[in-house]
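Residues per chain are reported as follows:
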Amino acid sequence: MGTPAPAVRAPVWRFRKPGIIPGFRLAMTVTLVWLVVMILVPLSGIFFQSASLGWEKFAALAMDRRTLAALGISFSSAFIAALVNLVFGTLVAWVLVRYRFPGRRVVDALVDLPFALPTAVAGIALTALYAPNGWVGGLLEPLGIRISYTQAGIVLALIFVGLPFVVRTVQPVMEEIDKEVEEASATLGAGRFQTVARVLLPSLTPALLTGFALALARGVGEYGSVIFIAGNIPYASEIAPLLIVIRLEEFNYPAATAIAAMMLAISFSMLLLINWVQARSRKRYGHAV
Amino acid sequence: MDVTLRKIAKEFGSTAALHELSLDIRSGELIALLGPSGSGKTTLLRLIAGLETPSAGTVMFGEEDAARRPVQDRRVGFVFQHYALFRHMTVLENVSFGLSVRPRASRPTASETRRRALELLDFVQLPGLGGRYPAQLSGGQRQRVALARALAIEPRVLLLDEPFGALDAQVRRDLRRWLREVHDRTGHTTIFVTHDQEEAMELADRVVVMSQGRIEQVGTPDEIHDAPASAFVHGFIGESVKLPVEIGQGIIRHAGRPLGLRAHGRGASTLYFRPHEISRIVSPGEGLSGTVVSYRRVGGLRRVELALGPDDGERVEIDIPAGEQVSTGDTITFRPTNWRLYPEPAADEGHRPLEVKYA
């Protein structure tokens, strides 16, 4: 009997010994410089801008009713859309991985379309469909259901742009699932539903979380596809990114940066939370964290 | 639980993985399915488990036709070569899984499930590891967990697919001995697949030797070794020397030289014998004679490679006592004491031996 793998250790703060493969210094330097120049400098610019406002002024701008409403709509819509995508994206990935049917490649390519399409095109198409005089909107209107110019429209647009993120993160992990694990579950007496719920889905958790996080992040920042179908009614269907643009057009730069800083803070803490959950579930599988 | 296979066959597309075969396994037996890769042994195991459906034939568990039951209801314990543990569950959750997925009516209470899982962990000698995740265990420990998980459902048959294939030699030997103990204590009808003849011979009550989707022979390790039913079995099990011979007038000859062995029939045939089952006592002008090409020490014997005939003809290996010194170029004359004749290879139908001779 070999020795068991050591239990997960507490993190130790030091550089991992780079080993004999050269290039660690160079690669690390490039990585850090790149991240600082491309991501950190622009983002910290927002903080410095808003910091120059002074705390009270910043709070007043950030706690403005219209700003809070826009932030609420942005984040809640992105959250709902990401949840919907989580369910249906997983289903799409499952069908693509597990079944062989004519036209599978076409369906597979179709999933990427929201990536490739200018989002404004998607927005206009969705608006044309769901507007009260559009094909679908026209059918829903007599039933008293409005999609366009409401939050439902925003969610719809975000579902459209977010779908590929879930499918493309879950798909490769699903392909890796060992068939024997499913067979083991079946020989132990688990029905198909139990196997899916208790064996397959839990092993997909890290990928599902990543897909969800990506779809959510994308949804929060989405602009082009939303503004057409949303109608942009303040307090009802106005998203935060649009409000920033509106403030900019009013030359109200302090207000724009304040909203941006709020978005940044919320997004960052959300992603941090998701990462933390992920790291926890990864640890279980014995991956290095 | 008796397991009976009747005229079972399996095709994948147009290729036959298993030709029609029948097999009776008695309750409580420990059976090895032995064969090279591609011999159909794993397919046979999966058919019994219900992980594959046969193209023809029936699988009976006792008096019951198992084909009517899907794999979930067959109550077979299946152990996979690569363990197939649920890696997001602790060891204890893995072992409890089979009990916790039962329909509500027959599901034991949570505390009862836990008690039985802990008991099984003790049984497979992994007490105290219930809280670990599979990734934190060694290969041998994982396979023990997989076995405990399979035993938890009180299987009617225990099936193991190359259970020790992924482990290193020392662990393999330990687990082999231990599996025999587990079998003797639980009394489950157990079928395991292996390509390792040593494993099959050491562990099994009976060995099923398979080749190319057919059963070549079923028998105890002694029967398989001492009375191989076909040229394939003779060549596959243990050490074998194979030599083309001709038979005429009741005498067996190799390259025109009589071997001092008698047989009926006539024509070309193939002689099989074990390297150690030879005698150096031969009548003048008879026996196999060759010059020593190389020699090496194998355990308590010295294995000598001989070239028969003048111009580096056929090569054979025989064993002589280790105490006896030889050097290259020496001439050694011998005759097999225990041998079998099989028809020319590739004569597909008549695998059966023509003539058997024990000294």
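Residues numbered from 1 in each chain as written. Chains lettered and ligands numbered in written order. Predicted model: local features only at pLDDT ≥ 70, side-chain atom pairs only at ≥ 80, totals over all residues. Heavy atoms only, no water.

**Considerations on the overall build of chain B**
Within chain B, the regular secondary structure consists of eight helices and 21 strands. Here the C-alpha coordinates of chain B stretch approximately 80 × 45 × 35 Å along the principal axes. Nonlocal contacts in chain B, meaning residues at least 24 apart in sequence, comprise 64% of its contacts between residues at least 6 apart. Accessible area of chain B: about 15900 Å², with a carbon and sulfur share of 48%. Each charge sign in chain B was given a centre, from 46 positive and 46 negative side chains, and these centres are 4 Å apart. (Helix = DSSP H or I, 4+ residues; strand = E, 2+ residues; numbered from the N terminus. Contact = heavy atoms within 4.5 Å. Areas by Shrake-Rupley, 256 points an atom, 1.4 Å probe, with all protein chains shown as cover. Lys, Arg positive; Asp, Glu negative; His and termini not counted. Charge placed at Lys NZ, Arg CZ, Asp CG, Glu CD.)

**Quick notes on the overall build of chain A**
A count of helical and extended segments in chain A gives 13 helices and zero strands. Secondary structure elements of chain A occur, N-terminal to C-terminal, as α-α-α-α-α-α-α-α-α-α-α-α-α. The principal-axis extent of the C-alpha atoms belonging to chain A is close to 70 × 55 × 30 Å. Counting only residues that meet the buried cut, chain A has 38% of its 289 residues in that class. Long-range contacts, defined as pairs at least 24 residues apart, comprise 73% of the intrachain contacts of chain A with a sequence gap of at least 6. Counting only carbon and sulfur atoms, one obtains 71% of the accessible surface of chain A, whose full area is about 16700 Å². Considering chain A, the positive charge centre built from 23 side chains and the negative charge centre built from 15 side chains are found 10 Å apart. (Buried < 20%, exposed > 50% of the residue type's maximum accessible area, 1.4 Å probe, protein only.)

**Quick word on the sheet that holds strand β4 (residues 56–61) of chain B**
Residues and elements named next belong to chain B. If you trace the four strands from one edge of the open sheet to the other, you get β2-β1-β4-β5, paired in antiparallel fashion. Strands with a single pairing partner mark the edges of an open sheet, and in this sheet they are β2 (15–25) and β5 (64–65). Relative to strand β1 (residues 3–12), helix α1 (residues 41–49) is tilted by about 120°, and along the sheet it contacts β1, β2 and β4. (Pairing = 2+ DSSP bridges. Axes fitted to C-alpha atoms, helices over the stretch in contact; angles between N-to-C directions.)

**What to know about the packing of aromatic side chains**
All names here are of chain B. Tallied over the entire structure, the rule returns nine aromatic pairs over all chains. Here the aromatic rings of F273 and F334 are separated by 6.1 Å at their centres, their planes lie at 55°, and the arrangement is tilted. Placement of the pair is F273 in strand β14 (residues 267–273) and F334 in strand β19 (residues 331–336), with a sequence separation of 61 residues. Judged by relative accessible area, F273 falls into the buried class, the value being 0%. We classify F334 as buried; its relative accessible area is 0%. Stacked on the ring of W178, the Lys or Arg R144 has its end atom at 4.6 Å from the ring centre. (Phe/Tyr/Trp six-rings, centres within 6.5 Å; stacked < 30°, edge-to-face > 60°. Lys NZ or Arg CZ within 6 Å of the ring centre and 35° of its normal.)

**Observations concerning the side chain of A:E183**
One can find A:E183 in helix α9 (residues 179–187). Only 2.6 Å separates the side chain of A:E183 from the side chain of B:R46, close enough to count as a polar contact. (Polar contact = N/O pair within 3.5 Å; in protein donor to acceptor, adjacent residues only side chain to side chain.)

**As for the pattern of salt bridges**
A pair can form between side chains of opposite charge whenever their charged atoms are brought close. Residue and element names in this part refer to chain B. In this structure the tally under the stated criterion is 33 salt bridges over all chains. With a closest N to O distance of 3.1 Å, E112 and R115 form a salt bridge. Remark: R115 and E112 occur in helix α3 (residues 110–123); sequence separation between them is three residues, near one turn of the helix. Taking relative accessible area as the criterion, E112 reaches 26% and is therefore assigned partly exposed. By relative accessible area, R115 is classed as partly exposed at 42%. (Salt bridge = Lys/Arg side-chain N within 4 Å of Asp/Glu carboxyl O.)

**Quick notes on the nonpolar core**
Residues A:F58, A:I154, A:L158, A:V170, A:M174 and A:V226 are the most contacted members of the largest nonpolar core, which totals 56 residues. At the level of secondary structure, the elements contributing two or more residues to this core comprise α2 (55–62), α3 (65–98), α6 (119–130), α8 (151–176), α10 (192–221), α11 (224–230), α12 (240–249) and α13 (253–284) of chain A. Residue contributions to this core peak at eleven residues, all from α3(A). For A:F58, the residues in contact, after removing those within four places along its chain, are A:S50, A:L53, A:A258, A:A261 and A:M262. By size, the runner-up hydrophobic cluster in this structure holds 44 residues, among which are B:A32, B:L121, B:L167 and B:F236. (Core = buried A, V, L, I, M, F, W, Y, C linked by side-chain atoms within 4.5 Å.)

**So, the interface of chain A and chain B**
Listed per partner, the contact involves 29 residues of chain A and 31 residues of chain B. For the pair chain A and chain B, the two sides together bury roughly 2700 Å², of which 60% comes from carbon and sulfur. The interface formed by chain A and chain B includes one salt bridge. Between B:R46 and A:E183 there is a salt bridge, with the nearest N and O atoms lying 2.6 Å from each other. Residue assignment for the side of chain A that touches chain B shows that the elements contributing at least two residues are α9 and α10 of chain A. Of the residues forming the side of chain A that touches chain B, the biggest block, eight residues, is contributed by α9(A). (Buried area = accessible area lost by both parts, 1.4 Å probe.)

**A look at the environment of B:M201**
Relative to the helices and strands, B:M201 resides in helix α6 (residues 197–203). Beyond its immediate sequence surroundings of up to four residues, B:M201 is in contact with B:V207, B:P221, B:I224, B:H225 and B:I237.

**Topic: the confidence of the model for chain A**
When pLDDT is averaged along chain A, the result is 86, and 91% of the positions lie at 70 or above. The spread of mean pLDDT over the elements of chain A runs between helix α7 (residues 135–140) of chain A, the lowest at 85, and α3(A), the highest at 94. (pLDDT = per-residue confidence, 0-100.)

**Brief notes about the packing of α3(A) against α12(A)**
Look at α3(A) against α12(A): their axes get within 8 Å of each other, and the N-to-C directions meet at 145°. Listed contacts from α12(A) to A:R66, A:T67, A:A70, A:L71 and A:S74 of α3(A) are A:A240, A:P241, A:L243, A:I246 and A:R247.

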